[in-house]
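# Commentary on secondary and tertiary structure
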Amino acid sequence: MLEEALRREFSGEVFFDRFTRGRYSTDASFYQITPMAVALPRSLEDVRAALGAARAAGVPVTGRGGGTSQCGQTINSGLILDNSRHFNRILELDVANRRCVVEPGIVLDELNRALKPHGLWFPVDVSTASRATIGGMAANNSCGGRSLRYGTMRDNVLSIEAVMHDGSLARFGPTARDAARPNDPAGAAAARMLALGADHADLIDARFPKLTRRVGGYNLDALVPNGHPVNLSHLLVGSEGTLAYFTKIELRLWPLVGERVLGVCHFPSFYQAMAATQHLVPLGPLSVELVDDTMIGLSRQIPMFRRTIAEFVKGAPAALLLVEFDEGDPEANAGRLAALEARMAELGFSFSGQGKDWGGVVPITDQRLQGQIGELRKSGLNIMMSMKEAGKPVSFVEDCAVRLEDLADYTAGLTEIFAKHGTRGTWYAHASVGCLHVRPVLNLKLEEDTRRMRAIAEEAFELVARYKGSHSGEHGDGIVRSEFHERMFGPEVTALFREVKTTFDPDRRFNPGKIVDAPRMDDRTLFRYPPGYDVKPLRTAFDWSAYTGAGGGFQGAVEMCNNNGACRKLAGGTMCPSYRATRNERDVTRGRANTLRLAISGQLGPDAFTSHEMMETMKLCVSCKGCKRECPTGVDMARMKIEVMAARAAKHGLSLRDRLVGYLPRYAPWAARAPWLLNARDRLPGLARASEALTGFSAKRPLPRWAAKPFRDDEAGPAEGAEVVLLADTFNRHFEPENLRAATRVLGAGGKAVTVARAPDGRPLCCGRTFLSVGLVDQAKAEAERLVAALLPHVEAGRAIVGLEPSCLLTLRDEIPALLPGRETAALAEKAAMFEEYIAAQAEAGAMPLPLRAPGRRVLLHGHCHQKAMNVIPAIRKTLALLPETDIEMVETSCCGMAGSFGYGRETEEVSRAMGEISLFPAVRAEASDTIVVADGTSCRHQIADGTAREAIHVARLLDMALDAAHEGEARG
């Protein structure tokens with residue numbers, strides 16, 4: 001009945017399949033509930049149609065945005081409505097009055113990008129701003145790191161339009177008592193709520209904690225007049241979608257924050273940091289955020305944060321307080337920092353001190369570094385989850401809040417509770433408002449640890465009540481905390497909560513089981529890892545031994561995804577490019593990881609791991625490795641995809657297209673003898689179209705042109721006396737040999753003797769990348785073994801191994817050591833360098849003087865995804881900085897969209913172009929005709945040519961041009 005009605009009346013996408021429902025069965029909590037269906041509304045009409053269909057079918061409805069809830073708010077057994085894909089527009093913007101109206105699915109960062117040109121922003125800056133939607137934030141009464149100044153979501157929502165339980169549309173905002181309309185459902189509800197507030201004002205005042213950070217239960221205190229009209233939208237804020245379905249949200253906007261300064265306060269003990277907070281907040285900071293030593297240590301293990309930690313952490317502090325000021329001008333900011341340093345000195349902390357007196361302030365005025373520290377802070381929850389052992393920091397007493405004067409003793413008491421139950425906690429977050437994110441380390445696959453969780457929760461909430469704090473200070477109630485409302489608020493107030501629910505939702509259809517009528521928080525049947533959860537043994541290709549579980553640790557690697565959703569960001573960094581193009585949960589790293597977890601644990605049926613649905617899930621993964629670097633919990637989906645491809649190839653074999661891609665290095669020497677024949681596909685009219693069905697390559701794309709004169713190994717010198725070994729990859733050898741020739745000339749001009757890596761059998765060496773891309777792991781291993789055998793003597797001789805193609809050379813540092821773990825491949829990985837890495841290192845050491853002149857006025861650089869993932873970009877910047885009188889700019893892009901053979905596929909060509917259009921193509925088109933576009937990846941260069949009709953060149957050719965310019969200058973001189 002529900003499916004029939006939705007397909008008839010709903011214009012958005014509707015899903016009833018097991019794979020999609022599985023992807024929506026979890027959020028960032030430890031719970032899992034599989035919904036009956038998932039629908040993606042495009043409009044208000046869709047929302048009303050979906051709610052009507054669910055009402056007729058007797059099915060509950062849960063709204064969902066980014067799906068980042070910590071407490072299980074966005075999962076349920078009925079119909080899930082995902083607002084984030086389509087229902088996400090800005091409907092009104094009133095700059096003069098600093099207000100806007102938005103649909104609930106708009107992401108906070110996207111809203112603020114739109115507001116920035118107008119000098120405005122929405123300041124409830126939650127750590128998940130890159131994927132959190134305004135609807136979810138309003139439903140949760142989100143707070144953010146700067147609530148000390150700007151307040152919570154409740155303080156910044158002006159009105160809400162919502163669909164009521166009977167399908168009627170209502171607007172809730174500032175409401176005087178006589179404005180209530182008793183003759184319609186919304187009016188009757190408003191009248192009842194105003195009466196409830198008046199009748200129980202004393203009870204509400206007595207039982208509700210006097211804290212900014214109180215988001216538990218319904219906001220009954222919003223119903224009590226305090227000299228101004230009650231705003232009924234503030235009752236809906238924090239209601240977790242249990243009262244009505246939001247369709248429009250009116251927001252209060254603020255002027256943009258100016259240039260800020262940051263004081264990083266170092267402390268020798270965690271207790272001292274907590275005790276100091278109450279003395280730092282009176283200095284008037286924008287925020288005070290905590291980072292503990294666990295988070296510092298874990299951040300040092302995550303590539304994207306390692307360098308940042310080194311720049312702002314001094315010594316070995318037990319805790320840091322990040323104290324941020326924004327006074328509007330540099331002089332006033334400097335005064336605030338001076339006051340902070342003086343206050344720390346008054347408290348007895350000095351970097352020259354010893355023991356309990358050690359500490360002090362590291363001032364940060366550089367805006368770039370502040371931004372990087374901010375990103376690290378925002379990733380705190382997920383950094384804590386990057387532990388690779390079976391136990392993980394678990395969110396259930398996470399964001400209790402107490403008064404600042406109680407903070408040190410409260411945290412000490414909580415630490416004692418953890419120790420009593422044989423565990424420890426990880427700490428971070430909003431010290432300025434007494435709300436800390438604390439997670440005990442537990443393994444919820446174990447019944448014993450579930451019992452410990454229950455005991456810790458009960459004792460922790462008793463401790464919070466003793467300090468008259470709030471058991472829910474930011475992340476809401478959901479399934480985790482709703483059960484404890486009676487203990488925190490008393491039976492009279494929880495009875496009022498039920499009355500509110502009954503008034504708005506008499507049939508319990510809106511997100512049931514949250515705030516009232518909740519299940520037990522430790523009901524393991526609702527867990528992501530329920531009783532009986534099991535992963536059968538499976539054969540894997542790579543070494544996953546850093547993790548735990550089946551498949552030699554593959555299970556543990558997959559389970560590292562905690563659904564934090566960092567991969568759903570729509571700008572900045574690389575991951576996840578396919579999601580940016582489609583906005584489909586299936587096409588994001590989180591969606592793929594969830595699908596893998598459900599498949600290997602048997603929850604998607606037999607053979608799910610090698611199924612067509614799994615291939616559809618993986619199809620748009622371009623193996624960019626953005627997640628390898630940027631996922632805070634280290635989910636490496638590129639490598640996981642290879643495992644899927646290998647299992648599928650073993651079971652189902654390969655298509656012709658896969659064979660043509662995978663075996664390219666094997667047949668390339670033969671194809672090179674008749675390049676005219678293979679190039680005819682794009683020269684003879686109609687041949688591309690005719691071959692499309694046979695080969696699977698899109699007729700809309702010209703294929704790379706085979707070179708008439710491919711690069712030969714003897715174009716460089718012998719091994720004897722060589723300092724540099726050039727790895728001539730298949731792509732540059734056969735399609736763009738001018739890059740290898742240019743690299744040889746540049747290295748020679750720098751005084752380096754160059755040889756080409758060769759195998760004894762005479763066949764060109766290959767990294768195995770193309771075989772891995774189609775799942776032919778055994779062939780990839782064979783190529784890797786040939787490559788290692790050929791290069792190892794050079795490594796032992798102390799020669800540098802240098803390559804041009806990022807996807808090939810960096811295989812030596814990534815996939816090959818995981819395929820062939822051991823001392824030899826580790827040594828080879830250590831010596832392997834990208835061409836630009838070698839140039840930058842030699843130039844920095846003064847060992848490679850290059851006579852360069854400006855090859856052009858301006859260079860636009862696009863980084864290959866693997867260069868970004870392996871942190872090669874700084875070396876490219878250093879290399880390009882060698883060019884005199886040249887303006888260098890790097891365009892902020894995700895994956896170019898070509899990604900090896902991905903962009904040539906008949907079924908993926910359109911998405912490939914969409915990826916390019918997100919940022920790369922517009923940036924290239926905007927450049928003047930004399931700008932030199934540089935891209936080191938073969939696929940990147942072809943994508944730029946196809947999408948913009950502009951030629952992009954390898955950095956080796958750019959340096960070669962600069963040498964030619966220098967020679968021409970000398971000749972003229």
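This text goes with the structure placed above it.
So, a few notes on the structure that sits alongside this text.

Thresholds applied
Residues numbered from 1 in each chain as written. Predicted model: local features only at pLDDT ≥ 70, side-chain atom pairs only at ≥ 80, totals over all residues. Heavy atoms only, no water. Phe/Tyr/Trp six-rings, centres within 6.5 Å; stacked < 30°, edge-to-face > 60°. Helix = DSSP H or I, 4+ residues; strand = E, 2+ residues; numbered from the N terminus. Buried < 20%, exposed > 50% of the residue type's maximum accessible area, 1.4 Å probe, protein only. Lys NZ or Arg CZ within 6 Å of the ring centre and 35° of its normal. Pairing = 2+ DSSP bridges. Contact = heavy atoms within 4.5 Å. Axes fitted to C-alpha atoms, helices over the stretch in contact; angles between N-to-C directions. Expected span 1.5 Å × (residues − 1). Salt bridge = Lys/Arg side-chain N within 4 Å of Asp/Glu carboxyl O.

So, about the packing of aromatic side chains. Applying the stated criterion to the full structure yields 20 aromatic pairs. Aromatic side chains Y410 and Y467 sit 6.5 Å apart centroid to centroid with 85° between the ring planes, which places their arrangement in the edge-to-face category. Here the residue Y410 occupies a position in helix 16 (residues 407–420), and Y467 occupies one in the loop between helix 17 (447–466) and helix 18 (478–481), the gap between them amounting to 57 residues. Owing to a relative accessible area of 2%, Y410 belongs among the buried residues under this scheme. Geometrically, the ring pair formed by F554 and F609 is edge-to-face, given 6.2 Å between the ring centres and 75° between the ring planes. Residue F554 is found in helix 21 (residues 554–559), and its partner F609 is found in the loop between helix 23 (589–600) and helix 24 (612–618); the two are separated by 55 residues along the sequence. The same class applies to F554 as to F609, namely buried. Members of the aromatic cluster, joined through ring pairs, are F208, Y218, F489 and F497. One Lys or Arg, K314, reaches over the ring of F351 and ends 4.1 Å from the middle of that ring. Lying across the ring of Y529, K445 places its NZ or CZ 4.8 Å from the centre.

Taking strand neighbours across the sheet as the criterion, the four strands line up as 26-25-27-28 in an open arrangement whose pairing is parallel. One side of each edge strand has no neighbouring strand; the edge strands of this open sheet are strand 26 (887–890) and strand 28 (952–953). When strand 25 (residues 858–862) meets strand 27 (residues 932–935), the two strands line up parallel, connected through four bridges. Bridge pairing in strand 27 places L860 opposite V933. In the packing of helix 43 (residues 938–948) onto the sheet, the strands contacted are strand 25, strand 27 and strand 28, and the crossing angle to strand 27 comes to about 140°.

Time to look at helix 26 (residues 637–652). Here helix 26 is 16 residues long and its end C-alpha atoms lie 22 Å apart, about the 22 Å a rise of 1.5 Å per residue gives. Taken as a whole, helix 26 has its buried residues at M637, A638, R639, M640, K641, I642, E643, V644, M645, A646 and A649. In the segment just after helix 26, G653 is the residue with positive phi, at about 75°.

Turning our attention to the pattern of salt bridges. Two side chains of opposite charge can pair, provided their charged atoms sit close to one another. A full pass over the atoms with the stated rule returns 78 salt bridges. A salt bridge links R343 to E346; the nearest nitrogen and oxygen atoms lie 3.3 Å apart. Of this pair, R343 and E346 both sit in helix 13 (residues 330–346), separated by three residues, roughly a single helical turn. Of the charged contacts, one joins E723 and K752 as a salt bridge, the two residues approaching to 3.7 Å between their closest N and O atoms. Of the two residues, E723 is situated in the loop between helix 30 (687–695) and strand 21 (724–727) and K752 in the loop between helix 32 (737–749) and strand 22 (754–756); the sequence distance between them amounts to 29 residues. For E723, a relative accessible area of 38% translates into the label partly exposed. Judged by relative accessible area, which is 10%, K752 ranks as buried. When salt bridges that share partners are traced, they join K625, K628, D636, R639, R769, D814 and E815 into one network.

Purely geometric stuff here, so don't read any function into it on its own.
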